[in-house]
Amino acid sequence: AKADGKGVARRFDPAQFAEAEARRREENDLRRALDAGEFEVHYQPIVHLNGERTVGVEALVRWNHPERGLLPPAAFLDLAESLGLLPRLGGWVLEQACRQAAIWQAQEPGFELNVNLSASQLGNPDLIDEVRDILDRTGLPPSLLVLELTESVALVDLIESARVLGALKSLGVRIALDDFGTGFSSLSHLGALPVDVVKIDKSFVQAMQESNGASVAEAVLQIARTFNLAPVAEGVEDAEQASRLRELNCAQAQGYHFAKPMPAGDLTALLHRQSAL
Ligand code: C2E
Ligand code: CA
Ligand code: CA
Ligand code: CA
């Protein structure tokens, strides 16, 4: 390669320019979308494995893009986080979902709502007040809200996370560790975090059919039991996985085998059908 003479370093690079331009456009698009109300919350049923009744939902954000259609979080969440938009977007999701869950609550008493928290939300000093205000405004009983965060988010600053989670729990909400088992380095810290629920990562559920798979899922469930945490299996895609989990005494599960994430109206219809049974 040539030495970095000024002429070389400053030469116009069309590809690089196009890339920067595309990113800038996407950033503006994302900022605009929040004000334009293009985000929606979808809800995936969480079922009791004994009887497969829907006992709650996980709220999952979608971007209903005017040109690109319905986009999954993988298409925009990292960019939103890096632009500092997640406290606002996440706050919107939380309020929207709590409002909806308060309605379902009237139809199906005890119906639970899980909402994901991002790293920047957990690090936001206003989080506790915001959650309290949203619960007040929407009337959702705090005991029906479960806030999910991944181990990697919680372990950025263990002491601080333990403090924030403790403050959230004093509001009466519960805490779930998401993608549980994928961050085994943190196992020794598990006792330090005030956690109530663990979401068993789908990789363990989906590995169950393989020769060694069952023992991994079993081990993860055993850890949950040891720490007195309620397990919810994620990514259950077929009846065989569901019955294996039942044999392993996992009470709750979530996955395409039961239902995919759906708009609020479809979930309302599902609850109507369920209560007619
Ligand atoms: P997650 O919290 O682990 O959510 C579960 C993901 O697994 C969802 O993907 C869901 O659609 C998908 N899923 C459910 N059942 C199955 C199954 O049987 N098989 C497979 N292969 N996948 C299944 P989704 O909706 O694309 O969300 C991806 C991730 O985006 C979530 O993973 C979560 O980390 C994040 N996310 C979604 N909504 C929000 C939000 O409002 N705030 C924050 N901070 N993160 C969110
Ligand atoms: Ca989750
Ligand atoms: Ca998960
Ligand atoms: Ca995940």
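Right above here is the structure, for reference.
Residues numbered from 1 in each chain as written. Chains lettered and ligands numbered in written order. Predicted model: local features only at pLDDT ≥ 70, side-chain atom pairs only at ≥ 80, totals over all residues. Heavy atoms only, no water.

Quick notes on the nonpolar core
Working step 1: Ranked by internal contacts, the top residues of the largest apolar core, which has 81 residues, are Tyr43, Leu113, Val131, Leu145, Leu147 and Leu168.
Working step 2: Looking at which element gives the most residues to this core, the answer is helix H4 (residues 86–107), with nine residues.
Working step 3: If we ignore the near neighbours within four places in the chain, the residues touching leucine 113 are Tyr43, Val57, Ala59, Ala97, Cys98, Ala101, Leu140, Leu144, Leu145 and Val146.
Working step 4: By size, the runner-up hydrophobic cluster in this structure holds five residues, among which are Ile46, Val146, Ala176 and Val232. (Core = buried A, V, L, I, M, F, W, Y, C linked by side-chain atoms within 4.5 Å. Buried < 20%, exposed > 50% of the residue type's maximum accessible area, 1.4 Å probe, protein only. Helix = DSSP H or I, 4+ residues; strand = E, 2+ residues; numbered from the N terminus. Contact = heavy atoms within 4.5 Å.)

Let's talk about the pattern of salt bridges
Working definition: two side chains of opposite charge can pair if their charged atoms are close together.
Working step 1: The full count for this structure, using the stated rule, is 17 salt bridges.
Working step 2: Here arginine 132 and aspartate 129 are joined by a salt bridge, their closest N and O atoms 2.8 Å apart. One end of the pair is arginine 132 and the other is aspartate 129, both in helix H6 (residues 127–138) and three residues apart, which spans about a single turn.
Working step 3: With its nearest N and O atoms 2.6 Å apart, the salt bridge here joins aspartate 196 to lysine 169. Placement of the pair is aspartate 196 in the loop between strand S6 (174–180) and strand S7 (197–200) and lysine 169 in helix H8 (residues 158–170), with a sequence separation of 27 residues.
Working step 4: The structure contains a network of salt bridges with shared partners spanning Glu58, Glu148, Lys199 and Glu234. (Salt bridge = Lys/Arg side-chain N within 4 Å of Asp/Glu carboxyl O.)

So, the pairing of strand S4 (residues 112–116)
Working step 1: Sheet topology note: the strand S2 (residues 54–65)/S4 ladder contains four bridges and is parallel. The residue bridging glutamate 58 from the neighbouring strand is asparagine 114, located in S4.
Working step 2: Here S4 runs beside strand S5 (residues 145–150); their pairing, made up of four bridges, is parallel. Note on S5: the bridge partner recorded for valine 115 is leucine 147. (Pairing = 2+ DSSP bridges.)

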